[in-house]
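Okay, here's what each chain looks like letter by letter:
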Amino acid sequence: MLQSDMTPKDKSNGVPPFHSPSKLPSPKQMSPEEILSPLTETNMQLEDLDEEDDWGQFENSWIAPGFNSMEMHEKLRQSVNSEGGGSFDQAHLYVDHQSSADWDAITNNEEYMTAQNDIPLDDAIRAIKTQLESFPHLSQNAINIIALGPGDAQSEIILVKKLVSQTPIKKVRLCLLDISQPLLSNARDHAERALRGYPGVRVTACSGDFYQLHKYDRLTKLTKSNKRLTLVTMLGYTFGNLINERRFVLDQLNAFTKNTFLLMDLVVAFAPSDQREEIMKNDPWLSGESRWQKSTETFLEGPLRRYRKGIGESSTIQFSVKLDDDTRRTIPKSYCVEMHASLPDKSEFCMRFFKRYEINPFLKCMESDGWKSIDAWRFGQNRLLSLLKRK
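Residues numbered from 1 in each chain as written. Predicted model: local features only at pLDDT ≥ 70, side-chain atom pairs only at ≥ 80, totals over all residues. Heavy atoms only, no water.

1. Considerations on the overall build of the chain
When helices and strands are tallied, the chain shows 15 helices and 12 strands. Across the 391 residues in the chain, those meeting the buried criterion constitute 57%. Within the chain, contacts between residues separated by at least 24 positions form 77% of all contacts whose residues are at least 6 apart in sequence. For the chain, the accessible surface area stands at approximately 16900 Å², while carbon and sulfur atoms represent 49% of it. (Helix = DSSP H or I, 4+ residues; strand = E, 2+ residues; numbered from the N terminus. Buried < 20%, exposed > 50% of the residue type's maximum accessible area, 1.4 Å probe, protein only. Contact = heavy atoms within 4.5 Å. Areas by Shrake-Rupley, 256 points an atom, 1.4 Å probe, with all protein chains shown as cover.)

2. Quick look at the packing of helix H3 (residues 69-80) against helix H14 (residues 293-307)
If you want to describe how two helices pack, look at the angle between their axes and the distance between the axes. One can describe the packing of H3 onto H14 by two numbers: an axis separation of 9 Å at closest approach and a directional angle of 85 degrees. Considered as vectors, H3 and H14 are oriented roughly perpendicular to each other. Taking contact as the criterion, the partners of His73, Leu76, Arg77 and Val80 in H3 are, on H14, Pro303, Leu304 and Tyr307. (Axes fitted to C-alpha atoms, helices over the stretch in contact; angles between N-to-C directions. Parallel < 35°, antiparallel > 145°, perpendicular 65-115°, else oblique.)

3. So, helix H15 (residues 359-368)
One turn of the α-helix equals 3.6 residues, which is why residues spaced by three or four share an orientation. For H15, a buried count of eight out of 10 residues is recorded, marking the element as mostly surrounded by other parts of the structure. Turning to H15, its buried residues number three or more, namely Ile359, Asn360, Pro361, Phe362, Leu363, Cys365, Met366 and Glu367. Just downstream of H15 lies Gly370, where phi reads positive at about 115 degrees.

4. Details of the pattern of salt bridges
Counting across every chain of the model gives 17 salt bridges. We note a salt bridge from Glu338 to Arg328, for which the minimum N-O separation is 2.6 Å. In this pair, Glu338 sits in strand E9 (residues 335-342) while Arg328 sits in the loop between strand E8 (318-324) and E9, placing the two residues 10 residues apart along the sequence. Arg328 matches Glu338 in its accessibility class, with the two residues each being buried. (Salt bridge = Lys/Arg side-chain N within 4 Å of Asp/Glu carboxyl O.)

5. Here we look at H14
Here H14 spans 22 Å end to end across 15 residues, near enough to the 21 Å set by a 1.5 Å rise per residue. Where H14 bends most, at Glu301, the angle is about 30 degrees, and the proline Pro303 comes one to four residues later. Along H14, the residues classified as buried are Gln293, Thr296, Glu297, Phe299, Leu300, Gly302, Pro303, Leu304, Arg305 and Tyr307. At its buried positions, H14 is contacted by H3, helix H4 (97-107), helix H13 (284-287), E8, E9 and strand E10 (348-357). (Expected span 1.5 Å × (residues − 1). Bend = angle between axes of the 7 residues up to and from the residue.)

Rendered as structure tokens:
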């Protein structure tokens, strides 16, 4: 643990303090069965809800302009056949149907689902409620939620259930934006089943690439069109998988209107970025202690075996985990963990990477790029949940 990250900074540096999840009483954590089960009883009356939002009551899917999953699948084929290997665009993994099924199997593992329950959403919901009250010109009983790369949408489902049960918010437009059509259709089905008992909740599956968000005015300008607060979510540590986080913030997230909120989680650095030995010893992926490493390797080798010429089921693919403490760094004092696949023909691919951050440099960087920190909560093993606001 970084002691400098555990102690709130002086307010004079412009960065709000962060803290562990509050000790106030909160509803019990949901079991995996409860996450996906519909509500059987509700006191919500339809006549108490405000007018329908401009998406329409029954629109449950939308394809973003310019989105072409067949084209991305062809890019996947080309990538795995690059001579000598190289850096692989991990977003392409999810356009392949079998890879999507493999990833879904990982995230539906009971241990994985239980780990997701650690996220302190109750604290975030209290902060969101307080922020909504400070905008009296916006509807106080309705909200837009735009989930970027939600995967199975389990965390987003819990978030919606808690918002409706713990706040005056009773109308929710939940937009699930994902590059993977198989995962997206599955997530929409899960969300519709789980939220069936909430008459004010509408779920829309949006097929799109969040690297093209600036082209999707229908999402980024929602607050202007229906007078609701908009909350963007990046849960499941998606932010740490971005190629260039600062460019993503400046080019994509900044397309959202002023006073849009962002709820995201990330992994905190296990040691300062200039202490390589400590990182190698303490980061579970680099020390060989990650419980997800084997299942992730199975997920990653699939496209190589299916589409790489000369690679079959009997070919040996060797995986290694490496530390990149410099070349992928776009946020100060961060570092990156890479998963490499070595093939029999000596080609080597960087198949996947995930970044770790020191908290205060991360928050300062986000603020300088247009997103002010509202609050942040430490949880689990080196995890942070952060709520930010577009300035």
